[in-house]
Amino acid sequence: MYKLIILAVTALCAMAVYALPGETPPAGGQPKKFELPPRRTFTLDNGLAVTLVPFGGTPKVAVELVIAAGNIDESASQVWLADLTGMMLEEGAAGMSSEQIARKLAGMGGQLDVGVGPDQTTLSADVLAEFGPEAVAILSEVVRAPMLPGSEIERLKNDLIRRASIQSSRAQTQALEKFREVLYGDHPYGRVFPAEGILQAFTLRDVKDFYDNNFGAARARLYVAGVFDQEAMEASIRQSFSGWADGPAPSANLPAPESRREVYLVSRPGAIQSSIYMGLPTIGPTNPDWLALNVTNFLLGGMFASRITANIREDKGYTYSPRSSISVRRGDAYWAQRADVTTEFTGAALKEIFFEIDRLQGEPPPAGELQGVQNYAAGRFVLQNSSRAGIIGMLAYLDLHGLPISYLENYTENVMKITPEQVQAAAKNYIRDQQMTIVVVGDSASIAGELGAFGPVMQ
Amino acid sequence: MTGFMLHAGKPLLIAALGAAAMLAACSGGGGVKSNGKKSGAAFSVPIEYHKLANGLKVVLSQDRTVPIVTVAVYYNIGFRIEPRERTGFAHLFEHMMFQGSRNLGKMEFIRLIQTNGGTLNGSTRFDFTNYFEIVPSHKLETILWAEADRMSGLAITRDNLSNQQAVVINEVKVNVLNTPYGGFPWLDMPQYAFKNWYNSHNFYGELGDIEAANLDDVRSFFDTFYSPNNAALVIAGDIVPAEALALAEKYFGPIPSAELPARPDLSEPPQSEEQRFSRIDTLASRPALAFSYRVPERLSPQWYAFGLLDQILVQGEDSYLHNALVKRTGLTGSVSGGINNGLGNKYNYNGPMLWTVSLFHDNETAADSILAAVDTEIARVRDSLVSDEELGRALIKIRSELYDYLEYYNGMGKADLLACFALFDDDPGMINRIEEGFLQVTPELLQQTALKYLDSSRRTVLELQPGRQSASQ
């Protein structure tokens with residue numbers, strides 16, 4: 001019943017395009033079929049949707065509860081309250097202390113991981129196969145009946161103050177912070193770091209209110225992948241989660257990011273590299289052009305063999321780690337190119353990045369080059385669906401964006417259909433030079449002068 | 001992309017976790033009793049081990065879960081034994097392996113892999129340099145041809161070398177020089193803790209040494225270390241072993257072996273008292289603290305005991321140090337540590353090694369108060385026997401961690417262990433017996449090991465302080 005995906009990785013691509021001296025690489029055998037692992041989905045009476053995916057042979061199982069609660073649910077005076085709430089969830093539940101929970105899960109070969117992101121909070125544990133149902137029971141207690149003990153809050157606030165201080169001392173994070181501030185302004189996504197005073201002011205009441213307002217079965221989905229006894233797992237899930245109240249509906253506080261061609265210079269006196277973060281809001285996974293934009297991104301800057309990397313790293317040596325990517329949240333996405341470049345080549349690197357964007361907008365890529373990128377996308381898709389965490393990640397991605405399973409089933413086929421003209425159009429329509437926000441964190445004394453060539457410089 | 005892998009030893013569950021191994025899905029991995037001892041059939045990795053006439057070690061491991069295959073070539077040359085006047089050269093050379101070989105020009109190796117739907121990387125570590133590809137399994141022959149092509153000989157121009165010198169210098173800048181806590185503690189600590197140059201020099205390289213490298217260095221290094229009799233080839237995944245072996249023979253078999261230099265003396269002089277150092281980091285905003293102890297010889301009974309001590313002391317939220325430094329006191333928000341932490345794991349090295357623990361703290365907290373809390377926890381494993389329950393939990397954690405290593409990065413973690421056990425121990429089957437070694441450890445051996453190896457006279461402490469003043473010690 002699950003559609004087969006054919007690995008349409010053809011033999012003729014690279015070899016025909018790149019003329020080689022002497023021997024040519026052997027073509028290899030016939031492509032094999034890649035099948036998505038079978039899965040089973042059911043929904044509890046309280047609305048909690050559950051997906052089970054038996055996969056692999058290593059005797060471990062991953063359990064992940066994804067909740068539509070995150071920084072998007074914070075007000076301007078609540079920056080990182082979602083993070084503090086996530087930490088407080090780890091401080092004991094249903095009469096068990098955090099030490100007891102830690103020991104129990106360690107005895108199963110796992111631990112409780114709570115991750116807080118822009119629009120999701122995840123509770124997960126990856127344990128030895130035979131302990132899957134028990135781990136589910138613990139996760140359910142942590143999310144349904146957290147103790148939220150006031151005795152721990154001052155310590156955790158101080159941990160967050162320290163974390164903010166350390167993270168915001170990195171040039172790349174400073175660039176991200178400015179970029180998000182410019183694009184998102186007053187929306188929560190524009191607030192990457194809290195002022196220390198905000199963290200200090202949090203009270204237990206704030207945490208409890210945040211929990212009450214944002215946690216419940218109606219906002220959650222549960223995923224299980226790996227080796228497990230399906231019957232025992234389902235029984236444990238029904239018993240553990242059926243009593244969870246459905247809770248509040250997800251918020252609909254979607255952003256409306258804006259971007260203009262401007263350069264933001266963040267001063268880092270004496271910096272020996274400039275950290276570039278440039279990009280603009282773009283389309284997300286529900287747009288019909290999404291796959292074309294993905295392939296465009298790979299070809300332009302999103303893989304090692306991409307044009308920007310070949311140019312500013314492998315030809316010019318300006319940088320070690322250039323990368324473009326599309327950053328996605330529910331109802332929101334932006335494209336960005338990042339690179340840490342030697343200070344004296346800051347302007348030169350920006351020039352080459354725009355050169356590659358303009359070149360792609362100006363002419364469709366050669367069919368052979370595109371074919372190679374399509375093969376890369378198809379191969380990467382297989383790797384992404386070949387691990388417990390990867391499988392859960394892909395299914396959660398579908399659910400976050402409201403995509404049907406056919407998105408995965410037809411992924412390879414649809415990627416292979418993309419034409420050079422579609423790639424050129426995607427570059428033109430969605431990676432628009434004239435709307436590019438350019439953030440540079442670096443030594444302003446050395447670089448301020450040359451940045452004016454790329455747009456009005458805002459300090 | 002190519003270069004040091006900076007993430008720490010314990011692979012977290014990130015999106016790159018890998019395909020599983022052979023056994024058909026069953027509900028358990030052989031029953032596990034609550035004391036951590038196993039009963040029933042154990043999970044095991046299928047292995048075939050061969051040596052070609054030219055000395056190349058070939059390890060084959062079938063896993064047909066997904067139609068992908070991992071090819072990994074490990075050379076027995078790590079940064080420890082790079083030339084003295086060329087610090088960082090082992091790593092710079094790793095970059096050169098992507099710059100052109102007999103039949104593949106610059107960028108062509110990378111394009112060959114990626115345009116065939118694969119991913120690739122290389123890394124340089126204490127005792128090996130590796131190159132690996134994860135590709136759709138029908139491309140196995142293509143990849144073996146390409147890896148054999150660069151084992152046969154490089155074709156490097158002065159321009160390629162200059163380009164990669166610039167790239168590597170940018171790599172050192174982005175990972176060390178232009179970032180707070182750069183190199184702390186993974187690059188710093190061996191330089192303070194060890195005394196033998198091979199173990200204690202700057203592995204990433206002094207910028208002047210990286211700039212000074214020339215084409216003669218490249219040729220000489222390749223001729224000395226990059227021969228089949230100094231390497232292991234692992235082919236793991238959706239393969240038919242006999243076919244994979246035939247392909248390995250076809251492409252690697254004709255490459256001639258070379259005479260290998262004698263292994264230098266890596267031994268460390270004994271340490272008789274604690275060493276303390278501090279360094280200033282002008283980019284850091286908070287102080288940080290790291291401490292290291294020298295580890296027992298790899299795969300010795302005491303080493304297995306030390307692996308369990310590591311679990312008890314620092315791995316996970318049930319660990320002594322997490323409870324003492326994070327949970328009970330808030331001295332820090334998290335503690336990380338391990339054997340070969342930051343540059344690998346407890347299995348993939350072959351020489352003197354450190355168990356290192358590190359953390360960030362506040363300006364108001366004196367390093368000595370943290371060390372006092374650490375000493376209290378370490379005294380618990382020195383002064384008394386750990387309970388059966390604790391030992392059992394440590395064994396379960398180590399088994400789960402081993403499974404995570406095997407799956408790490410779409411199965412690359414399994415290839416890593418197979419390659420290292422082949423390269424260092426001539427025994428890739430160790431991967432299926434390693435857990436047995438931990439199961440042999442008694443509470444008494446654990447205590448004896450702690451008394452000898454977790455003694456402050458074997459410790460090195462490194463403080464990192466934000467600010468601009470010169471270090472006081």
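All values reported here derive from a predicted model rather than from experimental measurement.

## Focus: the overall build of chain B
The secondary structure content of chain B amounts to 15 helices and 11 strands. Here the C-alpha atoms of chain B give a radius of gyration of 22 Å, agreeing with the 23 Å that 2.2 N^0.38 yields for 473 residues. The dimensions of chain B, computed from C-alpha atoms along their principal axes, are 60 × 60 × 40 Å. With 473 residues in all, chain B has 66% of them scored as buried. A separation threshold of at least 6 residues defines the contact pool for chain B, and within that pool the share at least 24 residues apart is 82%. For chain B, the distance from the average position of its 41 positive side-chain charges to the average position of its 54 negative side-chain charges is 1 Å.

## Focus: the sheet that holds strand 5 (residues 129–136) of chain B
Residue and element names in this part refer to chain B. Taking strand neighbours across the sheet as the criterion, the six strands line up as 1-2-6-3-5-4 in an open arrangement whose pairing is mixed. One side of each edge strand has no neighbouring strand; the edge strands of this open sheet are strand 1 (48–51) and strand 4 (119–124). Across the sheet, the axes of successive neighbouring strands diverge by a mean angle of 15°, strand direction being ignored. Sheet topology places strand 1 next to strand 2 (residues 57–62); four bridges connect them, and they run antiparallel. Bridge pairing in strand 2 places His50 opposite Val58. On the sheet, helix 9 (residues 241–252) packs against strand 1, strand 2 and strand 6 (231–237) and is oriented at approximately 155° with respect to strand 2.

## Side note on the side chain of Asp340(A)
Along the polypeptide, Asp340(A) turns up in strand 12 (residues 332–342). Engagement of the side chain of Asp340(A) in a polar contact is seen with the side chain of Gln172(A), the distance being 3.0 Å. Not counting residues within four places of it along the chain, the set of residues in contact with Asp340(A) comprises Gln172(A), Gln273(A), Ser274(A), Ser275(A), Tyr318(A), Thr319(A), Tyr320(A), Ser321(A), Asn170(B) and Val174(B).

## Overview of the domain arrangement of chain A
A common measure of how large an interface is: the accessible area buried when the components associate. Residues and elements named next belong to chain A. One can read the domain layout of chain A as domain 1 (40–241) and domain 2 (259–458). Here the C-alpha centre of domain 2 lies 29 Å away from the C-alpha centre of domain 1. Contact with domain 1, which involves 30 residues of that partner, is made by 29 residues of domain 2. Both faces considered, domain 1 and domain 2 share a buried interface measuring about 2500 Å² in area, 69% of it formed by carbon and sulfur atoms. Ranking the residues of domain 1 by area buried against domain 2 places Phe55, Phe179 and Tyr223 at the top, with a combined share of 23%. Linking domain 1 with domain 2 are two salt bridges. The salt bridge involving Asp126 is made with Arg388; its shortest N-O contact spans 3.0 Å. Connecting domain 1 to domain 2 are nine residue pairs in polar contact (both at pLDDT 80 or more).

## Here we look at the interface of chain A and chain B
Contacts between the two partners involve 91 residues from chain A, matched on the other side by 92 residues from chain B. When the two sides are added together, the surface that chain A and chain B hide from each other amounts to roughly 7400 Å², 57% of it contributed by carbon and sulfur. Taken together, chain A and chain B are joined by nine salt bridges. Notably, a salt bridge pairs Lys106(B) with Glu314(A), separated by 3.5 Å at the nearest N-O pair. Summed over the shared surface of chain A and chain B, the number is 39 residue pairs in polar contact (both at pLDDT 80 or more). Looking at the side of chain A that touches chain B residue by residue, the classes come out as 39 nonpolar, 28 polar and 24 charged.

## Focus: the pairing of strand 4 of chain B
Residue and element names in this part refer to chain B. In terms of residue burial, strand 4 counts as a mostly covered element, since six of its six residues are buried. Summarising the sheet, strand 4 and strand 5 pair through six bridges and their orientation is antiparallel. Looking at the pairing, Gly122 lines up with Tyr131 of strand 5. Between strand 4 and strand 5, which follow one another and run antiparallel, lie four residues.

## Overview of the packing of aromatic side chains
Residues and elements named next belong to chain B. Considering all chains together, one arrives at 47 aromatic pairs over all chains under this definition. Ring plane angle 45° and centroid distance 6.3 Å describe the contact between Phe221 and Tyr226, whose orientation is recorded as tilted. Across the pair, Tyr226 and Phe221 agree in class, each one buried. When the ring of Tyr293 is compared with that of Trp355, the centres are 6.0 Å apart and the planes differ by 40°; the resulting orientation is tilted. A residue pair is termed long-range when its members are at least 10 positions apart, and Tyr293 in strand 8 (residues 288–294) and Trp355 in strand 10 (residues 354–360) qualify at 62 residues. Trp355 shares its class with Tyr293; the two are buried. An aromatic cluster is defined as three or more aromatic residues linked by ring pairs; in this entry it consists of Tyr75, Phe89, Phe93, Phe98, Phe109, Tyr131, Phe221, Phe222, Phe225 and Tyr226.

Thresholds applied
Residues numbered from 1 in each chain as written. Chains lettered and ligands numbered in written order. Predicted model: local features only at pLDDT ≥ 70, side-chain atom pairs only at ≥ 80, totals over all residues. Heavy atoms only, no water. Helix = DSSP H or I, 4+ residues; strand = E, 2+ residues; numbered from the N terminus. Rg over C-alpha atoms; globule rule 2.2 N^0.38 Å. Buried < 20%, exposed > 50% of the residue type's maximum accessible area, 1.4 Å probe, protein only. Contact = heavy atoms within 4.5 Å. Lys, Arg positive; Asp, Glu negative; His and termini not counted. Charge placed at Lys NZ, Arg CZ, Asp CG, Glu CD. Pairing = 2+ DSSP bridges. Axes fitted to C-alpha atoms, helices over the stretch in contact; angles between N-to-C directions. Polar contact = N/O pair within 3.5 Å; in protein donor to acceptor, adjacent residues only side chain to side chain. Domains from an automatic or database assignment. Buried area = accessible area lost by both parts, 1.4 Å probe. Salt bridge = Lys/Arg side-chain N within 4 Å of Asp/Glu carboxyl O. Nonpolar A, V, L, I, M, F, W, Y, C, P; charged D, E, K, R; others polar. Phe/Tyr/Trp six-rings, centres within 6.5 Å; stacked < 30°, edge-to-face > 60°.

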